[in-house]
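Summary of the model geometry
One-letter residues, chain by chain:
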Amino acid sequence: MPIENPFYAPSTLPYGLPPFADITDDHYRPAFDHGFEEQLAEISSITRCDDLPTFDNTMIPLEKSGQTLERVATVFYNKSSADSTDFTNALEEEIAPLLAAHSDAIKLDARLYSRIKTIHDQLAEFDLDAESRYLVERYYAEFTLAGAGLDEGEKAKLREFNQKLSTLTTRFEKNLLADTNELAVVIDDVDDLDGLEAGEISAAAEAAKSRGLEGKFLVTLVLPTGHPYLDALTNPAVRARIMDASRARGGRGGA
């Protein structure tokens, strides 16, 4: 696997921080694909083991699996939620059903579930500390609730539902984000922002500038509905505009 993709190896930066300076849009999809393939191979190594299931040969490699996928997903979903672009929006919709299918491929794997269940049913026989016991209990509960104990016909229906749900959820989130961005409140006069700190006013000016609104100020909406600026702004009309905009998200029809 080419090393040019920064997601293929652990970061060498302090605290494992992502090497953002080296990451481009072209790196994400190949890293996701590689991450899917890599983790499924790791899971296959567990399930093909002929030895009786133990904590060391099942739970530890399961817990350590999927590190490439975790690296790329962590960076991508932070970026898509904090600095979304047309590219991230499109890729997120593209990846959502693939992630759902990947999760199902692991959590609905009958051989893997059998190994976890065997360890769980024999917990008293293993000399495990409290943290390790909890890991077994958590995985067993997660896999059971995910449908690992269903028959193959029910699993097929569940896979279909999960993929549909992942696609619809992602689409809804993107539509809600677009609605939130569209409802940002434009302020013409800096005096209407009386009560805000200088840094907050500067941020509003930069936000407006980024949308081509030179000389204006833009109050972007945040969650929850009660915008933090409402506590500081002295102009009742401006507070009302921000509150009305916040409450209007997702309630105007359309996408």
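Residues numbered from 1 in each chain as written. Predicted model: local features only at pLDDT ≥ 70, side-chain atom pairs only at ≥ 80, totals over all residues. Heavy atoms only, no water.

Below, the discussion takes up the packing of aromatic side chains. Within this structure, the stated rule accounts for nine aromatic pairs. Judged by centre distance (6.5 Å) and plane angle (75°), the ring pair of Phe32 and Tyr77 falls under edge-to-face. Highlighted residues: Phe32 in helix H1 (residues 28-47) and Tyr77 in helix H3 (residues 67-82), separated in sequence by 45 residues. Judged by relative accessible area, which is 0%, Phe32 ranks as buried. Judged by its relative accessible area of 25%, Tyr77 falls in the partly exposed class. Within the aromatic cluster, the residues linked to one another by ring pairs are Phe7, Tyr28, Phe32, Phe36, Phe76, Tyr77 and Phe87. Above the plane of the ring of Tyr139 lies Arg138, whose end atom (NZ or CZ) is 4.8 Å from the centre. (Phe/Tyr/Trp six-rings, centres within 6.5 Å; stacked < 30°, edge-to-face > 60°. Helix = DSSP H or I, 4+ residues; strand = E, 2+ residues; numbered from the N terminus. Buried < 20%, exposed > 50% of the residue type's maximum accessible area, 1.4 Å probe, protein only. Lys NZ or Arg CZ within 6 Å of the ring centre and 35° of its normal.)

Attention shifts here to the side chain of Lys174. Along the chain, Lys174 turns up in helix H7 (residues 152-182). A relative accessible area of 11% means that Lys174 is categorised as buried.

Under the definition given, this model contains 14 salt bridges. Where Arg29 meets Glu94, a salt bridge forms, and the shortest distance between an N and an O atom there is 2.0 Å. Here Arg29, found in helix H1, pairs with Glu94, found in helix H4 (residues 86-107); they are 65 residues apart in sequence, far enough to count as distant. For Glu93, the salt bridge is made with Arg171, and the minimal N-O distance between the two is 3.5 Å. Here Glu93 is found in helix H4, whereas its partner Arg171 is found in helix H7, with 78 residues between them in sequence. One connected set of salt bridges, linked through shared partners, spans Arg29, Asp33 and Glu94. (Salt bridge = Lys/Arg side-chain N within 4 Å of Asp/Glu carboxyl O.)

Another point: unusual backbone geometry. One non-glycine residue, Tyr15, lies in the positive phi region at around 60°. The topology assignment puts Tyr15 in the segment before H1.

A separate point is the environment of Asp192. Secondary-structure assignment places Asp192 in the loop between strand E1 (185-187) and helix H8 (198-210). Judged by its relative accessible area of 25%, Asp192 falls in the partly exposed class. Expressed as a C-alpha distance, the spacing of Asp192 and Tyr8, which sit 184 residues apart in the sequence, is 49 Å. In contact with Asp192, not counting residues within four places along its chain, are Ile187, Leu233, Asn235 and Val238. (Contact = heavy atoms within 4.5 Å.)

Okay, H7 next. Spanning 31 residues, H7 covers 45 Å between terminal C-alpha atoms, matching the ideal 45 Å at 1.5 Å per step. Within H7, the full set of buried residues consists of Lys155, Leu158, Ser166, Thr167, Thr170, Lys174, Asp179 and Thr180. Where H7 is buried, its residues meet H3, H4, helix H5 (110-121), helix H6 (130-146) and helix H9 (236-248). For H7, the side-chain oxygen to backbone nitrogen distance between the N-cap and Gly153 is 3.1 Å, and the N-cap itself is Asp151. (Expected span 1.5 Å × (residues − 1). Polar contact = N/O pair within 3.5 Å; in protein donor to acceptor, adjacent residues only side chain to side chain.)

Taken as a whole, the protein chain shows an average pLDDT of 93; of its residues, 99% reach a score of 70 or greater. Taken element by element, the protein chain is modelled with least confidence in H7, mean pLDDT 92, and with most confidence in H1, mean pLDDT 98. (pLDDT = per-residue confidence, 0-100.)

A word on a nonpolar patch on the surface. A cluster of nonpolar side chains, namely Leu13, Tyr15 and Leu17, defines an oily patch on the protein surface of about 400 Å² accessible area. Examined against the element boundaries, Leu17 turns out to sit in the segment before H1. (Patch = residues over 30% accessible without salt bridge, like charges linked within 9 Å, V, L, I, M, F, W, Y side chains within 5 Å. Areas by Shrake-Rupley, 256 points an atom, 1.4 Å probe, with all protein chains shown as cover.)

Moving on, we get to the nonpolar core. In this structure, Met59, Leu62, Leu112, Ile116, Val136, Tyr139 and Phe143 are the most contacted members of the largest nonpolar core, which totals 19 residues. Only H1, helix H2 (55-64), H5 and H6 provide two or more residues apiece to this core. Excluding residues within four positions of it along the chain, Leu62 makes contact with Ile43, Ile46, Leu112, Ile116, Tyr139 and Phe143. Counting residues in each nonpolar core, the second largest holds 15 residues, with Val185, Ile187, Ala204 and Phe217 among its members. (Core = buried A, V, L, I, M, F, W, Y, C linked by side-chain atoms within 4.5 Å.)

Take the environment of Lys155 next. Its location among the elements puts Lys155 in helix H7. The sequence separation of Lys155 and Asp109 amounts to 46 residues, and the corresponding C-alpha distance is 9.9 Å.

With that settled, the discussion passes to the environment of Glu42. Examined against the element boundaries, Glu42 turns out to sit in helix H1. Classification of Glu42 as partly exposed rests on a relative accessible area of 28%. A C-alpha to C-alpha distance of 22 Å links Glu42 and Tyr134, two positions 92 residues apart in sequence. When neighbours within four sequence positions are excluded, Glu42 is seen to be in contact with Ser65 and Gly66.

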